[in-house]
Amino acid sequence: MARKVFYSFRYKYDNWRVQTIKNIGAVEGQPLLSSNAWEDVARQGDAAIKRWIDEQMRGKSCNVVLIGAHTYNRPWIEYEFKKAWSDRKGVLGIHIHKLLDSDKKPTTKGKNPFSRFTLNDGKVQFDQVVPVYDPAGNTSTAAFAVIRDNIESWVEEAIKVRSQW
């Protein structure tokens, strides 16, 4: 049975790339909302967004942060991975800049969103603990193949890392 994960990503820029990864089917992610459905949740305010995130994270064993050009410094993505870590779920990042968007274009590589945080009262950099993968290959097809072939083991590794902290 596939692990259940919660995908974190910047919807506006990366929903197409994320759908591509979700379609791999190696792990089971939360339902991806349409832009209209997300706007309905967002219009209800921060408390409603937190409720939606918390409900979707329930029963998941790992938070997979799909790192695009606009992922860094996003408050809801930060909330999601901090919540996952606090709830003792695995956390990992995958750079998705090589995957094509709906216009068949890649994007620039995004900064590591974990790099701004620490553990153990500032003694350990979060980005030195949380695994982050930048799939090899010079094409979208090659990067996709690396993700497809490895996402299950990456999730397992993230869960193992979290269990050691």
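Participant: Which parts of the structure should I look at to understand the environment of Gly-93?
Facilitator: Mapped onto the fold, Gly-93 is located in strand S4 (residues 90–95). Look at Gly-93 and you get buried, because its relative accessible area is 0%. Separated by 29 residues in sequence, Gly-93 and Val-64 have C-alpha atoms that sit 5.8 Å apart. Other than its neighbours up to four places away in sequence, Gly-93 contacts Val-65, Ile-67, Phe-114, Val-130, Pro-131, Val-132 and Tyr-133.

Participant: I keep staring at the sheet that holds strand S3 (residues 62–67) and nothing clicks. Help me out?
Facilitator: Strand pairing in a sheet takes place through backbone hydrogen bonds and is either antiparallel or parallel in direction. Pairing in this open sheet of five strands is parallel, and the strands run S2-S1-S3-S4-S7 from one edge to the other. In this open sheet, the two strands that pair with only one neighbour each are strand S2 (28–29) and strand S7 (132–133). As paired strands, S4 and S7 are joined by two bridges and run parallel to one another. Counted as the bridge partner of Ile-94 is Tyr-133 from S7.

Participant: Please clarify how the packing of helix H2 (residues 35–43) against helix H3 (residues 46–57) should be interpreted in this entry.
Facilitator: Packed helices, taken two at a time, are described by the angle their axes make and the gap between the axes. With their axes 6 Å apart at the nearest point, H2 and H3 run at an angle of 125° to one another. Relative to H3, the element H2 lies oblique. Every residue of H3 that contacts H2 at Trp-38, Val-41 and Ala-42 is listed here: Ala-48, Ile-49 and Trp-52. Split by residue class, the contact of H2 with H3 holds six nonpolar, no polar and no charged.

Participant: So what exactly am I meant to see when it comes to the nonpolar core here?
Facilitator: A general tendency of soluble globular proteins is for nonpolar side chains to be buried together. Residues Tyr-7, Val-64, Leu-66, Leu-92, Ile-94, Ile-151 and Val-155 are the most contacted members of the largest nonpolar core, which totals 22 residues. Taken together, the elements giving at least two residues each to this core come down to strand S1 (4–8), helix H1 (11–22), S3, S4 and helix H5 (140–163). Here this core gets seven residues from one element, more than from any other, and that element is H5. Excluding residues that lie within four positions of it along the chain, Ile-94 makes contacts with Val-64, Val-65, Leu-66, Ile-67, Tyr-133, Pro-135, Ile-147, Ile-151 and Trp-154. By size, the runner-up hydrophobic cluster in this structure holds 20 residues, among which are Trp-52, Ala-84, Phe-114 and Phe-117.

Participant: What's the story with helix H4 (residues 75–86) in this structure? I'm lost.
Facilitator: Given 3.6 residues per helical turn, the α-helix brings residues three or four places apart onto the same face. Over its 12 residues, H4 extends 16 Å from the first C-alpha to the last, a length consistent with the 16 Å expected when each residue adds 1.5 Å. Turning to H4, its buried residues are Ile-77, Glu-78, Glu-80, Phe-81, Lys-83, Ala-84 and Trp-85. Contacts made by the buried residues of H4 are with S1, H3, S3, S4, strand S5 (118–119) and H5. Downstream of H4 by a residue or two, Arg-88 has a phi angle that is positive, lying close to 70°.

Participant: Sorry, what's going on with the packing of aromatic side chains here?
Facilitator: The relation between two aromatic rings is expressed through the spacing of the ring centres and the mutual angle of the planes. Within this structure, the stated rule accounts for 10 aromatic pairs. On the numbers, 5.6 Å between centres and 75° between planes, the contact of Phe-81 with Phe-117 is edge-to-face. Residue Phe-81 is located in helix H4, and its partner Phe-117 is located in the loop between S4 and S5; the two are separated by 36 residues in the primary sequence. The same class applies to Phe-81 as to Phe-117, namely buried. On the basis of an interplanar angle of 85° and a centroid distance of 5.7 Å, the ring pair of Phe-114 and Phe-126 is categorised as edge-to-face. Here Phe-114 is found in the loop between S4 and S5, whereas its partner Phe-126 is found in the loop between strand S6 (124–125) and S7, with 12 residues between them in sequence.

Participant: What's the story with the environment of Ser-140 in this structure? I'm lost.
Facilitator: Tracing the sequence through the fold places Ser-140 in helix H5. Judged by its relative accessible area of 18%, Ser-140 is buried. Separated by 40 residues in sequence, Ser-140 and Leu-100 place their C-alpha atoms 6.2 Å apart. Engagement of the side chain of Ser-140 in a polar contact is seen with the backbone nitrogen of Leu-100, the distance being 3.3 Å.

Criteria and thresholds
- Residues numbered from 1 in each chain as written.
- Predicted model: local features only at pLDDT ≥ 70, side-chain atom pairs only at ≥ 80, totals over all residues.
- Heavy atoms only, no water.
- Helix = DSSP H or I, 4+ residues; strand = E, 2+ residues; numbered from the N terminus.
- Buried < 20%, exposed > 50% of the residue type's maximum accessible area, 1.4 Å probe, protein only.
- Contact = heavy atoms within 4.5 Å.
- Pairing = 2+ DSSP bridges.
- Axes fitted to C-alpha atoms, helices over the stretch in contact; angles between N-to-C directions.
- Parallel < 35°, antiparallel > 145°, perpendicular 65-115°, else oblique.
- Nonpolar A, V, L, I, M, F, W, Y, C, P; charged D, E, K, R; others polar.
- Core = buried A, V, L, I, M, F, W, Y, C linked by side-chain atoms within 4.5 Å.
- Expected span 1.5 Å × (residues − 1).
- Phe/Tyr/Trp six-rings, centres within 6.5 Å; stacked < 30°, edge-to-face > 60°.
- Polar contact = N/O pair within 3.5 Å; in protein donor to acceptor, adjacent residues only side chain to side chain.

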